[in-house]
Amino acid sequence: MKIQSILLGAVLLSTGYSQAQTDDGVLRLTEFAYPVKRQLLNIPNVNGYQILKCDFHMHTVFTDGHVWPNVRIQEAWREGLDAISYTEHMEYNPHSADVKVDHNRSHDLAIDLAKENNIVLVKGTEITRQTPPGHFNALFIQDANALIADNDPKLDQAAIDKADEQKAFIFWNHPGWKATTIPGSYEWIDFVEKMYQAKKLHGIEVVNGLGFHKKALDWALDRNLTIIGNTDIHNLIAHDYAIERPGVHRTMTLVMAKDRSAAGIREALDAGRTVVWSSKYLFGKEENVRALAHACLAISPSYHEKTNGKTQDKTKYYEIKNNSDLYFELELKQGKGTKRLVLYPESTQILTAEAGQQKLSYEIVSTYIRSDKHLQFEINLK
Ligand SMILES: [Zn+2]
Ligand SMILES: [Zn+2]
């Protein structure tokens, strides 16, 4: 309460100050204005790579979204994202009576604002075929208008080929979105197998919005495809995500990039260096999730040892630190120590272990390195 009143006092003071500077007869009541600030998402570098926070799937009024393109840049800046991509539907334009159909337009309208806000805007589109085969995002294209907008199933292959001609990075979107309404659609279908064989499929969207497509994660892992997660947002982010609550973030792809540039992102996507972050969970290839967890978590030397009166067992005390805004939940699988650890963002926990052990073996149950498997994580005791 005290802090709040100090803050409010500071706001009032600064308002009073600026008012005194420019008294034009309008008293500005700024107390309820959203403070101009960019949220920082702190994630340490991993193996020398920067972690870029990216959302490669979203819509605006230029297809079936509800917002003007600039709004997406403002949202991304506020939420601490590094890169986004407008992926308007090629074959679906429900607003065409009101908004002229131009598949490049949302990108072109927002590119200056993106640069001014240090947001990398990757040019993309959503190839929106009937299901199956469904939808595919093509990133790093040059001209969306040169792609195929005709939704005749006979042109499905040509639609992919056209994007491939522009050297696009192509991933399969939300493979399970019609699992119940179109039987057989949530399978590794022939169409996708042919794309994969022809090296025209480079990734799979494993998390779409708030949905984890479990089979899709295993398909990506088994074929060494890049693991992607996006919002596929159509409305305001704040309409679908409770982002006013501390710790809440949109679904995104964490890209381990050499630098914060479109070229850096492309290189990392081609190399498969991604982890998806959605809700409190991380999804990805084992090596990537492991490297990320190791970069974020640190164990201290033991600072205290206690002998238990009855058994004469010795207990050692350690601190385990989460040096990131990610969330980690660990369950003990082997060894004698703290059974369950919840490592909230930017926080420390006490870990106890029976003396005489070299390590404790945990599972990080807030990670998925397969649809049915969490990351095994060893803690070496010093
Ligand atoms: Zn879609
Ligand atoms: Zn979409």
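Residues numbered from 1 in each chain as written. Chains lettered and ligands numbered in written order. Predicted model: local features only at pLDDT ≥ 70, side-chain atom pairs only at ≥ 80, totals over all residues. Heavy atoms only, no water.

Under an unreviewed UniProt entry, the name given to the protein chain is Sb-PDE family phosphodiesterase, and the source organism is Sphingobacterium suaedae.

Let us look at the overall build of the protein chain. Tallying secondary structure elements over the protein chain gives nine helices and 20 strands in all. Taking all contacts inside the protein chain whose residues are at least 6 apart in sequence as the whole, residues at least 24 apart take part in 64%. With the model as given, the accessible surface of the protein chain reaches about 18700 Å², and the carbon-plus-sulfur share is 52%. (Helix = DSSP H or I, 4+ residues; strand = E, 2+ residues; numbered from the N terminus. Contact = heavy atoms within 4.5 Å. Areas by Shrake-Rupley, 256 points an atom, 1.4 Å probe, with all protein chains shown as cover.)

Tallied over the full model, the rule gives 21 salt bridges. Residue lysine 258 pairs with glutamate 267 through a salt bridge whose shortest N-O separation is 3.7 Å. Relative accessible area serves as the criterion here: at 28%, glutamate 267 is assigned to the partly exposed category. When the shortest N-O distance is used, the salt bridge between arginine 290 and glutamate 286 registers 2.8 Å. Separated by four residues within a single helix, arginine 290 and glutamate 286 lie in helix H9 (residues 286-296), roughly one turn from each other. (Salt bridge = Lys/Arg side-chain N within 4 Å of Asp/Glu carboxyl O. Buried < 20%, exposed > 50% of the residue type's maximum accessible area, 1.4 Å probe, protein only.)

A few words on the coordination of the zinc ion (ligand 1). Here the zinc ion (ligand 1) is held by Glu126 (OE), His135 (ND1) and His174 (NE2), and the distances to it run 2.1 to 2.2 Å. Taken in sequence order, the residues that donate to the zinc ion (ligand 1) follow the motif E-x8-H-x38-H. A gap of 3.5 Å separates the zinc ion (ligand 1) and the zinc ion (ligand 2), which glutamate 126 links by coordinating each metal. Taken together, the residues glutamate 126 in strand E3 (residues 120-128) and histidine 174 in the loop between strand E5 (169-172) and helix H5 (190-197) connect sequence positions 48 residues apart. Under the relative-accessibility criterion, glutamate 126 is labelled buried at 0%. (Donors = N, O, S within 2.8 Å, 3.2 Å for Na, K, Ca; no water.)

Within the largest apolar cluster, 49 residues are counted, with the highest numbers of intra-cluster contacts made by Leu292, Phe328 and Leu351. Sorting elements by how many residues they give to this core places H9 first, with five residues. In terms of nonpolar packing, the next biggest core, distinct from the first, is built from 33 residues, Ile189, Met195, Ala216 and Val276 among them. (Core = buried A, V, L, I, M, F, W, Y, C linked by side-chain atoms within 4.5 Å.)

A few words now on the UniProt feature "domain: Ig-like" (unreviewed entry) in the protein chain. Here, UniProt's "domain: Ig-like" (unreviewed entry) annotation points to residues 312-379. Note that residues 312-379 is 0% helix and 60% strand, and that its end C-alpha atoms are spaced 24 Å apart. (UniProt positions renumbered as here; feature names shortened; annotations may be inferred.)

Time to look at the coordination of the zinc ion (ligand 2). The zinc ion (ligand 2) binds to the protein through His57 (NE2), His59 (NE2), Glu126 (OE) and Asp232 (OD); the donor distances cover 2.1 to 2.3 Å. As a motif over one chain, the donors of the zinc ion (ligand 2) read H-x1-H-x66-E-x105-D.

For the structure on display, the rule yields 15 aromatic pairs. When the centroid spacing of 6.4 Å and the interplanar angle of 20° are considered together, the rings of phenylalanine 136 and tryptophan 172 count as stacked. Of this pair, phenylalanine 136 sits in strand E4 (residues 135-139) while tryptophan 172 sits in strand E5, and the two are 36 residues apart along the sequence. Between tryptophan 188 and tyrosine 196, the ring centres sit 6.2 Å apart and the planes meet at 80°, which makes this aromatic pair edge-to-face. (Phe/Tyr/Trp six-rings, centres within 6.5 Å; stacked < 30°, edge-to-face > 60°.)

Scored by pLDDT, the protein chain comes out at a mean of 94, with 95% of its residues at no less than 70. Segment residues 1-19: pLDDT under 50, and nine contacts once partners within four positions in sequence are set aside and those in other chains are kept. (pLDDT = per-residue confidence, 0-100.)

The next thing to look at is the side chain of aspartate 218. Here aspartate 218 is to be found in helix H6 (residues 214-222). For aspartate 218, a relative accessible area of 14% gives the class buried.

Alternating residues of strand E20 (residues 375-380) divide into Leu375, Phe377 and Ile379, all buried, and Gln376, Glu378 and Asn380, none buried. When strand E18 (residues 359-364) meets E20, the two strands line up antiparallel, connected through six bridges. When the sheet's bridge partners are listed, tyrosine 362 is paired in E20 with phenylalanine 377. (Pairing = 2+ DSSP bridges.)

Our next topic: the sheet that holds strand E15 (residues 328-334). Pairing within the open sheet is antiparallel, and its four strands lie in the order E16-E15-E18-E20. A single partner strand is all that each edge strand has here, and the edge strands are strand E16 (340-343) and E20. Across the sheet, the mean angle separating the axes of adjacent strands is 35° when strand polarity is ignored. Sheet analysis places E15 next to E18, joined by four bridges and oriented antiparallel. Residue pairing for E18: glutamate 331 is matched across the bridge by glutamate 363. Of the strands in this sheet, E15, E18 and E20 are in contact with H9, which crosses E20 at around 35°. (Axes fitted to C-alpha atoms, helices over the stretch in contact; angles between N-to-C directions.)

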